[in-house]
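Structural characterization, general
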Amino acid sequence: KAGVTQTPRYLIKTRGQQVTLSCSPISGHRSVSWYQQTPGQGLQFLFEYFSETQRNKGNFPGRFSGRQFSNSRSEMNVSTLELGDSALYLCASSTGTGIYEQYFGPGTRLTVT
Amino acid sequence: AQKVTQAQTEISVVEKEDVTLDCVYETRDTTYYLFWYKQPPSGELVFLIRRNSFDEQNEISGRYSWNFQKSTSSFNFTITASQVVDSAVYFCALSEGYGGSQGNLIFGKGTKLSVKP
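A short tour of the structure in this document, coming up. (Residues numbered from 1 in each chain as written. Chains lettered and ligands numbered in written order. Predicted model: local features only at pLDDT ≥ 70, side-chain atom pairs only at ≥ 80, totals over all residues. Heavy atoms only, no water.)

1. Brief notes about the state of the cysteines
Residue and element names in this part refer to chain A. Applying the stated criterion across every chain yields a total of two disulfides over all chains. Covalently, Cys23 is tied to Cys91 through a disulfide, its sulfur atoms 1.8 Å apart. Every disulfide takes its handedness from the sign of the S-S torsion; for Cys23 and Cys91 that torsion is 60 degrees, giving right-handed. With Cys23 in strand β3 (residues 19-24) and Cys91 in strand β9 (residues 87-94), the pair connects residues that are 68 residues apart, well separated along the chain. (Disulfide = S-S within 2.5 Å. Helix = DSSP H or I, 4+ residues; strand = E, 2+ residues; numbered from the N terminus.)

2. Structural notes on the packing of aromatic side chains
Residue and element names in this part refer to chain A. Across all of its chains, the model carries 20 aromatic pairs over all chains by this definition. Ring geometry for Phe60 versus Phe64: centroids 5.2 Å apart, planes at 65 degrees, classification edge-to-face. Judged by relative accessible area, Phe60 falls into the buried class, the value being 14%. Positioned over the ring face of Phe50 is Arg55, at 4.3 Å from the centre of the ring. (Phe/Tyr/Trp six-rings, centres within 6.5 Å; stacked < 30°, edge-to-face > 60°. Buried < 20%, exposed > 50% of the residue type's maximum accessible area, 1.4 Å probe, protein only. Lys NZ or Arg CZ within 6 Å of the ring centre and 35° of its normal.)

3. Thoughts on the sheet that holds strand β7 (residues 64-68) of chain A
All names here are of chain A. Spatially, the four strands line up as an open sheet ordered β1-β3-β8-β7, and their pairing is antiparallel. Two strands lie at the open edges of the sheet, namely β1 (5-7) and β7, each paired on one side alone. Averaged over neighbouring strand pairs, the angle between their axes works out to 20 degrees when direction is ignored. Sheet topology note: the β7/strand β8 (residues 74-78) ladder contains five bridges and is antiparallel. In the strand pairing of β8, Gln68 is matched with Ser74. (Pairing = 2+ DSSP bridges. Axes fitted to C-alpha atoms, helices over the stretch in contact; angles between N-to-C directions.)

4. Considering the pairing of strand β5 (residues 32-39) of chain B
Each regular strand carries side chains that alternate between the two faces of the sheet. All names here are of chain B. Counting buried residues in β5 gives eight out of eight residues, a clear majority hidden from the surface. Because side chains alternate across β5, one face comprises the buried residues Tyr32, Leu34, Trp36 and Lys38, and the other comprises Tyr33, Phe35, Tyr37 and Gln39, equally buried. Bridge count between β5 and strand β10 (residues 88-96): eight bridges; the pairing is antiparallel. The residue of β10 that forms the bridge with Phe35 is Ala93. Here six bridges tie β5 to strand β6 (residues 46-52), and the two strands are oriented antiparallel to one another. Looking at β6, one finds that Trp36 is bridged to Ile49. A loop of six residues connects β5 with β6, the two strands running antiparallel in sequence, and Gly43 in this loop sits at a positive phi of about 105 degrees.

5. Describing the side chain of Ser31 of chain A
Residues and elements named next belong to chain A. As for its placement among the helices and strands, Ser31 is situated in strand β4 (residues 31-38). Taking the relative accessible area as the measure of exposure, Ser31 reaches 0% and is therefore buried. Looking at Ser31, its side chain comes within polar contact range of the side chain of Glu48, at 2.6 Å. Not counting residues up to four positions away in its chain, the partners in contact with Ser31 are Glu48, Tyr49, Phe50, Arg55, Gln68, Ala92, Ser93, Ser94, Thr95 and Gly96. (Polar contact = N/O pair within 3.5 Å; in protein donor to acceptor, adjacent residues only side chain to side chain. Contact = heavy atoms within 4.5 Å.)

6. Points about the nonpolar core
Trp36, Phe75, Phe77, Tyr90 and Leu113 of chain B are the most contacted members of the largest nonpolar core, which has 23 residues in total. Listed by contribution, the elements that provide at least two residues to this core are β2 (10-14), β3 (19-21), β5, β8 (64-69), β9 (74-79), β10 and β12 (111-116) of chain B. If one sorts the elements of this core by residue count, β10 of chain B sits on top with four residues. Once residues within four sequence positions are removed from consideration, Leu113 of chain B is found in contact with Ile11, Val13, Val19, Ile79, Asp86, Ser87, Ala88 and Tyr90 of chain B. Ranked by size, the runner-up nonpolar core spans 21 residues in total, among them Phe47, Met76, Tyr89 and Leu110 of chain A. (Core = buried A, V, L, I, M, F, W, Y, C linked by side-chain atoms within 4.5 Å.)

Okay, here's the thing in structure tokens:
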């Protein structure tokens, strides 16, 4: 089975712009979770989508949003970028039912200048 | 509130030494799940193990072993006969056990392990 893929792998954006990151889960997985990793705050949960519905949400401002498509692919959008949004954004794929573990993609490294 | 503490920020060992990574967690839930992930320099988090709160059996997988103790809220990870390839940042994580809440992993700050030849 192919693993979790994330595109793009690297991004450089300017403050005030918006950005969209994409995540394709493992085939058959219906849940996608997004995490932000920074040196200061560590790994923090953004939100989880299951069958096209947001099921959980972390403590991030409304500038961070996401969606999931019928094929389980997910996108994450950050509007009005701030310098502090520079981070590694990781998405994780899982079955989303029963007891499960999450499998992570390689991440998207976002740099905001 | 749920919390995961990895008190060891960095550990450095020489190859073939045994090393234990500590993890202490806090939760009010009676059902929860604990995880260990490895993050090599490439950045991708690699799943190592999941432990359910209702199963306190320790587990061994090759050179890796995990010691889960509910009495002390700890879930420690031991690497026996460490190798250079074990060098990475290791994260302990916790998720609640009800409904669809497992998708929210609460991570510790991680322990950076350096294994020198």
